Amino acid sequence: MAYSTAESLFREDLSCPICLQLFSEPVMLPCGHNFCASCIEGVIEGEAGRGQHTCPECRSEYKGQTALQRNFKLCSIVEGFKASEGASSPVLCDMCLETPDPAVRTCLKCEISMCALHLKPHLEKKTFESHSLVEPKSDLGVKACPVYEEVGKFDCFEDKSCTVKGKLKKYNLKKACSEMKGGLQSKIKIMTETLQQAQSFFEKGVVNGISVKAADVKNGQTESAEVKVDLESEIVKKIHLAESLLQKGKKNKASVKVSSAELKQNVSGLFDRIAQLVCTYKEGMVEMIEDEQRYLVESLERSTDYITKQQHLCREIQQQADSVSAETDQFQFIQKHQQIQAKLKAALETPLNEKDVTSQAMHNKKLLESLERAFVEFQAEIRNSHQDLKVLIYPSELTLDPHTAHCALSLSDDLKTARYTTTKQPYPDLPERFDHWRQVLCFQGFSSGEHYWEVDTGEGFWHVGICYRSMARKGSGTDSKLGCNKASWTVELHGKLSAWHKNVCTRLQVSTEPTRLGVHLNYDAGTLTFLSVSDKQTYLHTFRTRFTEPVYPAFWIQSGTATSWVTVRSTSDRDFQTYANAS
């Protein structure tokens, strides 16, 4: 767009001295100079280690972001100037996935427009320092400066300045053009020499071709035709491959969008469930406290009523006793004394039931115990929800659950390998952690369908299998020991290979000890098949049952050596049909 001199000067006055674009959310320093909020914040972050901040224009010191003041007047002027330029529909952010927000800057190097959120990496990371950010543009056909070969706003004239990325550089345009012409002529000279050399080679080839025998020429023509056919065939193959990759890319893109939408929906539903748990727990706590308070108040009211009645009765008997005591007639005194004696005895022997009045501490203890039980249940529900959230994020890749790992097991960073260690790991004491047997479970569980994974094993003794998440975790009993209860199914290597369930051992006959196991689970059919995997698959054993809970891959490292480890690998490229149907 061409601007008049006055309009250009006005536009320059409305431009930030740092990014040289029209002000975006202008802020003013105490010295009176204005900058874009994002630009001056970037300067402040860059000066964080210096201990002081200075104005980029006049070098006056100021106290960081606290000294910034929004210049509403200037903001209004800039918006009016933009409107006067006849701006069309706003440029939208290219990085927003669903509903794009309006872009605040366009990167000429990346050739994308970004909203305030997606612009942050360009302002914060050093990688993007060389990128030119301008006002949002829908047309990115911006030319580079012919002198400096930079993309940005430039205005070159003889003996004048060229503004490139916020720096003023003096350059004589005639001198630049002269240098460019000299470089162009030298390149033309080299190109001419190259063409002459090519012509010479061509002429020599023609002369040599005349002296070749006719048979050789015919063979050469045939070979040339074959080469041509091969090249055309290769090109066709590449075109088909490119089309195939394009189609796959489109399908994958659509699949990612669908998966992302499903993940967001599932995660949202999960957090709604967690929120409902919190509300339910809150309502339960309030109701429990109100019930205890109501019981205590009613008890105190009953005790108070009873004591009040006893008090009135005692006063009435006391008055009668005083009246008898004041009787002067001895005969009347004896008669009245005999009549009141029984009342006095009953009043003195009737207790005031002080226990009901002072039993508040007992109710508080009962309340705390009830609250503790409810809180334990609430924690268990939250942990289950947390587990479900992890499975949603990692739906297919099997990973070990650090919350279940024994403190003698060190887990790899990718949560694929569990290794024995003599150094006790600083794991928190959690209800789901094994505290005696060196065992660990996976995050992911299965409640339907067919699944397959493989497990690499190190030296020593181990168990590999599955278990219900409800299996006990504490103590040295069989209820927390893989393969020794009704909640777990495993294959063990301990000198010999064997299968374990309900503490029943089944010896397996193998020629060599397996170092990689394949585990095939058909939840709906109720089968769990183990294979020895090397160059080929060897069937080992199949458990048959009816699963009643979700099952989780489980591991037990029995040997206490540094070479004892297991690694779980997610895979689905094996053929199990032969083994799954075997018994």
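Residues numbered from 1 in each chain as written. Predicted model: local features only at pLDDT ≥ 70, side-chain atom pairs only at ≥ 80, totals over all residues. Heavy atoms only, no water.

Focus: the sheet that holds strand β6 (residues 105-107)
Now for step 1: The sheet built from 3 strands is open, its strands ordered β7-β6-β8 with antiparallel pairing. Lying at the two open borders of the sheet, with one neighbouring strand each, are β7 (112-114) and β8 (133-134).
Now for step 2: Most of the contacts of helix α4 (residues 116-124) go to β7, to which it runs at about 110°, and overall it touches β6, β7 and β8. (Pairing = 2+ DSSP bridges. Helix = DSSP H or I, 4+ residues; strand = E, 2+ residues; numbered from the N terminus. Contact = heavy atoms within 4.5 Å. Axes fitted to C-alpha atoms, helices over the stretch in contact; angles between N-to-C directions.)

Section: the pattern of salt bridges
Now for step 1: In this structure the tally under the stated criterion is 7 salt bridges.
Now for step 2: A salt bridge links E124 to K120; the nearest nitrogen and oxygen atoms lie 3.9 Å apart. Residue E124 and its partner K120 are both found in helix α4; the two are separated by 4 residues, about one turn of the helix.
Now for step 3: Overall, E124 belongs to the partly exposed group, its relative accessible area being 48%.
Now for step 4: Between K474 and D429 there is a salt bridge, with the nearest N and O atoms lying 3.8 Å from each other. Taken together, the residues K474 in the loop between β15 (462-468) and β16 (488-494) and D429 in the loop between β12 (417-420) and β13 (439-441) connect sequence positions 45 residues apart. (Salt bridge = Lys/Arg side-chain N within 4 Å of Asp/Glu carboxyl O. Buried < 20%, exposed > 50% of the residue type's maximum accessible area, 1.4 Å probe, protein only.)

Observations concerning the nonpolar core
Now for step 1: W453 and F555 are the most contacted members of the largest nonpolar core, which has 46 residues in total.
Now for step 2: F555 has contacts with L400, R438, Q439, V440, C442, V455, H463, V464, L482, V566 and V568, leaving out every residue within four places of it along the chain.
Now for step 3: In this structure, L14, F23, Y62 and F81 belong to the second largest nonpolar core, which totals 20 residues. (Core = buried A, V, L, I, M, F, W, Y, C linked by side-chain atoms within 4.5 Å.)

Observations regarding the confidence of the model for the chain
Now for step 1: The pLDDT averaged across the chain works out to 77; a share of 72% of its residues lies at or above 70.
Now for step 2: The low-confidence segment residues 146-172 (pLDDT under 50) makes 61 contacts with residues lying over four places distant or belonging to another chain.
Now for step 3: Long-range and interchain partners of residues 577-583, a stretch whose pLDDT sits below 50, account for 14 contacts in this model, where long-range means more than four residues apart. (pLDDT = per-residue confidence, 0-100.)

Topic: the packing of aromatic side chains
Now for step 1: One pass over the structure, following the stated rule, counts 6 aromatic pairs.
Now for step 2: Through pairs of rings, three or more aromatic residues link up here, namely Y468, W489, Y523 and F547.
Now for step 3: Over the ring of Y552 we find R469; its NZ or CZ atom is 4.8 Å from the centre of that ring.
Now for step 4: A cation sits over an aromatic face here: R473 above F434, 5.2 Å from the ring centre. (Phe/Tyr/Trp six-rings, centres within 6.5 Å; stacked < 30°, edge-to-face > 60°. Lys NZ or Arg CZ within 6 Å of the ring centre and 35° of its normal.)

Topic: the sheet that holds strand β14 (residues 450-457)
Now for step 1: The strand order β11-β12-β23-β14-β19-β20-β21 describes an open sheet built from 7 strands, whose pairing is antiparallel. The open sheet terminates on both sides in strands that have one partner only, identified here as β11 (409-411) and β21 (537-544). Adjacent strand axes in the sheet meet at a mean angle of 20° when their direction is disregarded.
Now for step 2: Pairing between β11 and β12: 3 bridges, direction antiparallel. Within β12, the residue paired with S410 across the bridge is R419.

Digging into helix α7 (residues 330-349)
Now for step 1: End to end, α7 covers 28 Å across 20 residues, agreeing with the expected 28 Å (1.5 Å per residue, within 8%).
Now for step 2: Roughly 35° is the biggest bend found in α7, and it falls at I340. (Expected span 1.5 Å × (residues − 1). Bend = angle between axes of the 7 residues up to and from the residue.)

Quick look at the pairing of strand β22 (residues 551-557)
Now for step 1: Counting buried positions over the 7 residues of β22 gives 7, a clear majority of the element.
Now for step 2: Here β22 shows no split at all, with V551, P553, F555 and I557 on one side and Y552, A554 and W556 on the other all buried.
Now for step 3: Across 3 bridges, β13 lies against β22 in antiparallel orientation. Residue pairing across strands places L441 opposite A554, the latter belonging to β22.
Now for step 4: Pairing geometry for β15 and β22, over 7 bridges, is antiparallel. Directly across from Y468, in β22, lies its bridge partner V551.

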